[in-house]
Every structure is written in C-alpha cells, then in structure tokens.
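Results of the structural survey
Okay, here's what each chain looks like letter by letter:
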Amino acid sequence: MPETQRGEVWLVDLGLAAKVRPCLVLTVPAAEQDRALITVVAHTTSPRGSRFEVAIAMRFLRPGVFDAQNLVTIPRAKLLRKLGVLSPTQLAAVEAVVRTWVGCAALCLCRGRTGG
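Residues numbered from 1 in each chain as written. Predicted model: local features only at pLDDT ≥ 70, side-chain atom pairs only at ≥ 80, totals over all residues. Heavy atoms only, no water.

Quick notes on the layout of surface pockets
Empty space among the atoms becomes visible once a probe the size of a water molecule is rolled across them. In this model, the second largest pocket occupies a volume close to 220 Å³. Looking at the second largest pocket, the residues that line it are Lys19, Val20, Arg21, Pro22, His43, Thr44, Thr45, Ser46, Phe60, Leu61, Arg62 and Leu83. Elements represented by at least two residues in the lining of the second largest pocket include exactly strand S2 (20-25) and strand S3 (37-44). Per-element tally for the lining of the second largest pocket: the top contributor is S2, with three residues. Its residues placed into classes, the lining of the second largest pocket shows five nonpolar, four polar and three charged. (1 Å grid on protein atoms, 1.4 Å probe; cavity = no way out; pocket = protein on both sides within 12 Å on 5 of 7 lines; lining within 4 Å. Points joined across faces, edges and corners; volume = space filled by probe spheres on them. Helix = DSSP H or I, 4+ residues; strand = E, 2+ residues; numbered from the N terminus. Nonpolar A, V, L, I, M, F, W, Y, C, P; charged D, E, K, R; others polar.)

Written out as structure tokens, the structure is:
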C-alpha cells in the first residue's frame, strides 16, 4: 500500500458519486497495528463561497478549493497516485478551516503538548 504523509495531495477514488479527485492527506502515518485508513479533505473545482473552503493554487491542481465539509476517511487502497505536496503554510491554512468545521478552533494543537 502507498505510504502517505500529512500535506500530500493524492488522486483518490472516492467512489461513483464522489468521483476520482485530488485529496489532501490530513492524518499521520499509520503504524503496522493500526487500520490502513487515512483521512483526507477533498478538492473541488465547484466552490460555493463557503467559509469552510480554502483556495490553494498549485501547478498540479485545477483552480478550485479544498472543502473542509468534505472530510472522508478511506482505505489507503483508494489512493491512485501522488500529485504533490502543500507547503507548511498552505497545510496550516487548510488545517485551521478544518478545525473550525469540526469545532476545535480554540484547542491548542501544538506538537508535543497535550493541553492541561
């Protein structure tokens, strides 16, 4: 199965209704004992102007947005091919909107810190 890293954009088979589309990997790499699943945010070329959309311009993407309302957890087997990688700044922009969508915008998600 393909290895993935946070911030990578892959072409993903999301099924008949959702089509094959670019998706941004949000999850950390899974260990051997973990399920072979990843969570992605889908890219769409049909934006609606929602506050949960993030426009990222990359040479490997058609003009469009990553839609935080379209988070999907899928088997890694659905990954078709790696398209590219977002910069840390671009990834942070998508992460901020995803945190807002799932209601975690106020949480400190710093590395190595569990809160308290």
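Next comes the rest of the description.
Some thoughts on the sheet that holds S2
Pairing in this open sheet of six strands is antiparallel, and the strands run S4-S5-S3-S2-S1-S6 from one edge to the other. Strands at the two margins of the open sheet, each flanked by one partner only, are strand S4 (53-55) and strand S6 (79-85). Within the sheet, the average angular offset between the axes of one strand and its neighbour, ignoring direction, is 45°. Two strands pair when backbone bridges link them, and strand S1 (residues 8-13) and S2 are joined in this way by five bridges, in the antiparallel orientation. (Pairing = 2+ DSSP bridges. Axes fitted to C-alpha atoms, helices over the stretch in contact; angles between N-to-C directions.)

Digging into the pairing of S3
With seven of eight residues buried, S3 lies mostly within the body of the structure. Bridge count for S3 against strand S5 (residues 65-75) is seven bridges, and the pairing is antiparallel. Within S5, the position partnered with Thr39 by the bridge is Thr73. (Buried < 20%, exposed > 50% of the residue type's maximum accessible area, 1.4 Å probe, protein only.)

Quick word on the pattern of salt bridges
According to the stated counting rule, one finds three salt bridges in the structure shown. Across the pair Arg76 and Glu3 runs a salt bridge, and its minimum N-O distance is 3.8 Å. Taken as a pair, Arg76 in the loop between S5 and S6 and Glu3 in the segment before S1 lie far apart in primary sequence, 73 residues in all. Glu95 is paired through a salt bridge with Arg6; the nearest N and O atoms lie 1.7 Å apart. Pair noted here: Glu95 is in helix H1 (residues 88-102) and Arg6 is in the segment before S1, with a separation of 89 residues, a long-range link. (Salt bridge = Lys/Arg side-chain N within 4 Å of Asp/Glu carboxyl O.)

Everything listed here is a matter of geometry and, on its own, says nothing about what the molecule does.
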